[in-house]
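What follows is the residue order along each chain.
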Amino acid sequence: MTAAMDISIRKAERSKLQDLNLENPPFGKYFTDHMLEADYENGEWKNIEIKPYQPLLLSPSLAALHYGQAIFEGIKAYKDSEGNAFIFRPQDNYKRFNRSAERMQMPAVPEELFMEGMRQLIELDKNWIPFKQDHSLYIRPFMFSSDELIGVRPSETYKFMIILSPTGPYYIEPMRIYVEEQYVRAAPGGVGYAKAAGNYGAAMYATAEAKKKGYDQVLWMDAFEHKYVQECGTMNVFFIIGNTAITPDLEQGTILDGVTRQSTITLLKEMGFAVEERPLSIHDIIDAYNAGLLYEVFGTGTAATISMIKELGYKDFVMKFDTSKWKTAPTIKKWLTDIREGRREDKYNWMQKV
Ligand SMILES: Cc1ncc(COP(=O)(O)O)c(C=O)c1O
């Protein structure tokens, strides 16, 4: 790390940890004592500081608020039975972060700043990693444009930050999913593969409409034919048909390249499944269901790990599943949790020690 990349540390005078009951913390509600903040100006990253978690003072003309150059990541840290802290595949999130940055015409964040900044921040707030099964510390790196100027053009200044949030199990109940044919999340050539803030704002209306119909989330379809499945809310999606696990491919750039998706593909192969990454139409899914060959459907993502889908509603047709009989999704979830919490061998070197 160059001298310019030195991270200054200013510690909080007292920890908020003692004031909170972290028995079953809701996702994203509590934040740890410290945060990392860095500024991009004149082509370089400076003012790199870990300091007490606090509000930001922002100008109303802040570019990000108007034109949406804003990206983020979601990563988790865990403790093993001896209390050592590990981060799950942070390098993959780092690479994805800079792919998002490039697509949004934002500067790349140097590896040292992202990885070493995250490591030092977690080291400082290590006591916040819950020491309990299925609990973890959610890590939220993000970057936004910070020019104070109204005008549609890439900002010249940016802020990169990392905040941390202790979290318990999330999305634990099997879900009811609405196959969305009217609204579209992403089109080829768009920003679907980027973890850009606007993708999430753009998805909220359709999700709210599906909730009014009694569903938990939407299954997005392709932009042209509304026929090929994409992803499920903020999760990638897998279908077990016969002895094959199928998940949509990433070729069109419309789907987020999930780290849990990659890990699930690896573990499904270890379990003996043939795994196919390819376009999959809703009609093929219905045919498999009617033939009794659609065994399991589940979402994968950092927040929830694996979420089983108990109902899939397409037009007037509802596919129902008895998730209590499923073997694959619960096994993948267990293996992932066991690897993360140190009960299963980390043979793919996914865990990075803090
Ligand atoms: C749109 C979307 N798809 C898929 C995922 C799953 O990605 P990952 O497994 O890296 O968390 C996420 C994020 O969590 C997401 O926001």
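Everything below is about the structure shown above.
Presented here is an overview of the structure given in this document. Keep in mind that this is a model prediction, so the values were computed, not measured.

Side note on the overall build of the chain
Part 1 of the argument: A tally of regular secondary structure across the chain gives seven helices and 18 strands.
Part 2 of the argument: For 354 residues, the compact-globule formula gives about 20 Å, and the C-alpha radius of gyration of the chain, at 21 Å, lands near that figure.
Part 3 of the argument: In terms of overall dimensions, the chain has a C-alpha envelope of 65 × 50 × 35 Å along the principal axes.
Part 4 of the argument: Counting across all 354 residues of the chain, residues that qualify as buried make up 53%.
Part 5 of the argument: In the chain, the proportion of contacts linking residues at least 24 apart, taken out of those at least 6 apart, comes to 71%.
Part 6 of the argument: Looking at the chain as shown, the accessible area adds up to about 16,100 Å², and 49% of this sits on carbon and sulfur atoms.

Side note on the pattern of salt bridges
Part 1 of the argument: Scanning the model with the defined rule gives 27 salt bridges in all.
Part 2 of the argument: Put simply, Glu-49 and Lys-51 hold a salt bridge, and the shortest N to O gap is 3.8 Å. Exposure class is identical for Glu-49 and Lys-51. Each is buried.
Part 3 of the argument: Notably, a salt bridge pairs Asp-92 with Arg-89, separated by 3.3 Å at the nearest N-O pair.
Part 4 of the argument: Taking relative accessible area as the criterion, Arg-89 reaches 13% and is therefore assigned buried.

Quick word on unusual backbone geometry
Part 1 of the argument: Positioned with a positive phi, Arg-89 is a non-glycine residue whose angle comes to about 45°.
Part 2 of the argument: Within the fold, Arg-89 resides in the loop between strand 6 (85-88) and helix 2 (90-103).
Part 3 of the argument: Residue Lys-315 is not a glycine yet carries a positive backbone phi of 50°.
Part 4 of the argument: Positionally, Lys-315 belongs in the loop between strand 16 (305-314) and strand 17 (317-320).

Some remarks on the packing of helix 5 (residues 259-270) against helix 7 (residues 328-340)
Part 1 of the argument: At a minimum axis separation of 10 Å, helix 5 and helix 7 run at an interaxial angle of 110°. Relative to helix 7, helix 5 is oriented roughly perpendicular. The element helix 5 and its partner helix 7 pack so that their crossing is right-handed. Counting all contacts with helix 5, which are made through Thr-260, Ser-263, Thr-264, Leu-267, Leu-268 and Glu-270, the residues of helix 7 involved are Thr-328, Ile-332, Trp-335, Leu-336 and Ile-339.
Part 2 of the argument: Class assignment for the residues of the contact of helix 5 with helix 7 results in six nonpolar, four polar and one charged.

With respect to the side chain of Asp-125
Part 1 of the argument: On the secondary structure map, Asp-125 appears in the loop between helix 3 (111-124) and strand 7 (136-145).
Part 2 of the argument: Within the buried core, Asp-125 has no salt-bridge partner, and the shortest N-O distance to an opposite charge, that of Lys-16, equals 7.6 Å.
Part 3 of the argument: A polar atom in the side chain of Asp-125 sits 2.7 Å from the side chain of Thr-32.
Part 4 of the argument: Setting aside chain neighbours within four positions, we find Asp-125 in contact with Thr-32, Asp-33, His-34 and Leu-164.

A few points about the environment of Ala-288
Part 1 of the argument: Here Ala-288 lies in helix 6 (residues 282-290).
Part 2 of the argument: Residues Ala-288 and Ile-240, spaced 48 residues apart in sequence, show a C-alpha to C-alpha distance of 9.7 Å.
Part 3 of the argument: Setting aside residues no more than four positions away along its own chain, Ala-288 makes contact with Ile-241, Leu-293 and Leu-294.

Structural notes on the site of the ligand
Part 1 of the argument: Tyr-200, Glu-231, Val-259, Thr-260 and Thr-302 are the nearest of the 16 residues found near the ligand.
Part 2 of the argument: Elements represented by at least two residues in the shell around the ligand include exactly helix 5 and strand 15 (294-301).
Part 3 of the argument: Taken together, the residues of the shell around the ligand break down into four nonpolar, eight polar and four charged.

Some thoughts on the side chain of Asn-236
Part 1 of the argument: Following the sequence through the fold, Asn-236 ends up in strand 12 (residues 236-241).
Part 2 of the argument: Judged by relative accessible area, which is 5%, Asn-236 ranks as buried.
Part 3 of the argument: There is a polar contact of 3.0 Å between the side chain of Asn-236 and the backbone oxygen of Leu-256.
Part 4 of the argument: Only 3.4 Å separates the side chain of Asn-236 from the backbone nitrogen of Gly-258, close enough to count as a polar contact.
Part 5 of the argument: Ignoring anything within four residues of it in the chain, the contact list for Asn-236 reads Glu-231, Ile-255, Leu-256, Gly-258, Arg-261, Phe-298, Gly-299 and Thr-300.

Focus on helix 4 (residues 197-212)
Part 1 of the argument: Here helix 4 contains 16 residues, and its C-alpha end-to-end distance of 24 Å stays within 8% of the 22 Å for a straight helix at 1.5 Å per residue.
Part 2 of the argument: For helix 4, the principal kink sits at Met-204 and spans about 35°.
Part 3 of the argument: If you check which residues of helix 4 are buried, you get Asn-199, Tyr-200, Ala-203, Ala-206, Thr-207, Glu-209 and Ala-210.
Part 4 of the argument: Tucked into the core, helix 4 has its buried residues touching strand 4 (70-72), strand 9 (175-179) and strand 10 (217-221).
Part 5 of the argument: In the segment just after helix 4, Gly-214 is the residue with positive phi, at about 95°.

A closer look at the packing of aromatic side chains
Part 1 of the argument: Evaluation of the coordinates by the stated rule reveals 19 aromatic pairs.
Part 2 of the argument: Ring geometry for Phe-88 and Trp-350: centres 5.8 Å apart, planes at 75°, overall edge-to-face. With a gap of 262 residues between them, Phe-88 in strand 6 and Trp-350 in the loop between helix 7 and strand 18 (351-353) connect regions that are remote in the sequence.
Part 3 of the argument: Note on Phe-88: relative accessible area 5%, which makes it buried.
Part 4 of the argument: Trp-350 gets classed as buried once you look at its relative accessible area, which sits at 6%.
Part 5 of the argument: Across from the ring centre of Tyr-215, 4.9 Å away, lies the NZ or CZ of Arg-176, which sits over that ring.

Calculation notes
Residues numbered from 1 in each chain as written. Predicted model: local features only at pLDDT ≥ 70, side-chain atom pairs only at ≥ 80, totals over all residues. Heavy atoms only, no water. Helix = DSSP H or I, 4+ residues; strand = E, 2+ residues; numbered from the N terminus. Rg over C-alpha atoms; globule rule 2.2 N^0.38 Å. Buried < 20%, exposed > 50% of the residue type's maximum accessible area, 1.4 Å probe, protein only. Contact = heavy atoms within 4.5 Å. Areas by Shrake-Rupley, 256 points an atom, 1.4 Å probe, with all protein chains shown as cover. Salt bridge = Lys/Arg side-chain N within 4 Å of Asp/Glu carboxyl O. Axes fitted to C-alpha atoms, helices over the stretch in contact; angles between N-to-C directions. Parallel < 35°, antiparallel > 145°, perpendicular 65-115°, else oblique. Left-handed = near helix turned anticlockwise from the far one by under 90°. Nonpolar A, V, L, I, M, F, W, Y, C, P; charged D, E, K, R; others polar. Lys, Arg positive; Asp, Glu negative; His and termini not counted. Polar contact = N/O pair within 3.5 Å; in protein donor to acceptor, adjacent residues only side chain to side chain. Near = heavy atom within 4 Å. Expected span 1.5 Å × (residues − 1). Bend = angle between axes of the 7 residues up to and from the residue. Phe/Tyr/Trp six-rings, centres within 6.5 Å; stacked < 30°, edge-to-face > 60°. Lys NZ or Arg CZ within 6 Å of the ring centre and 35° of its normal.

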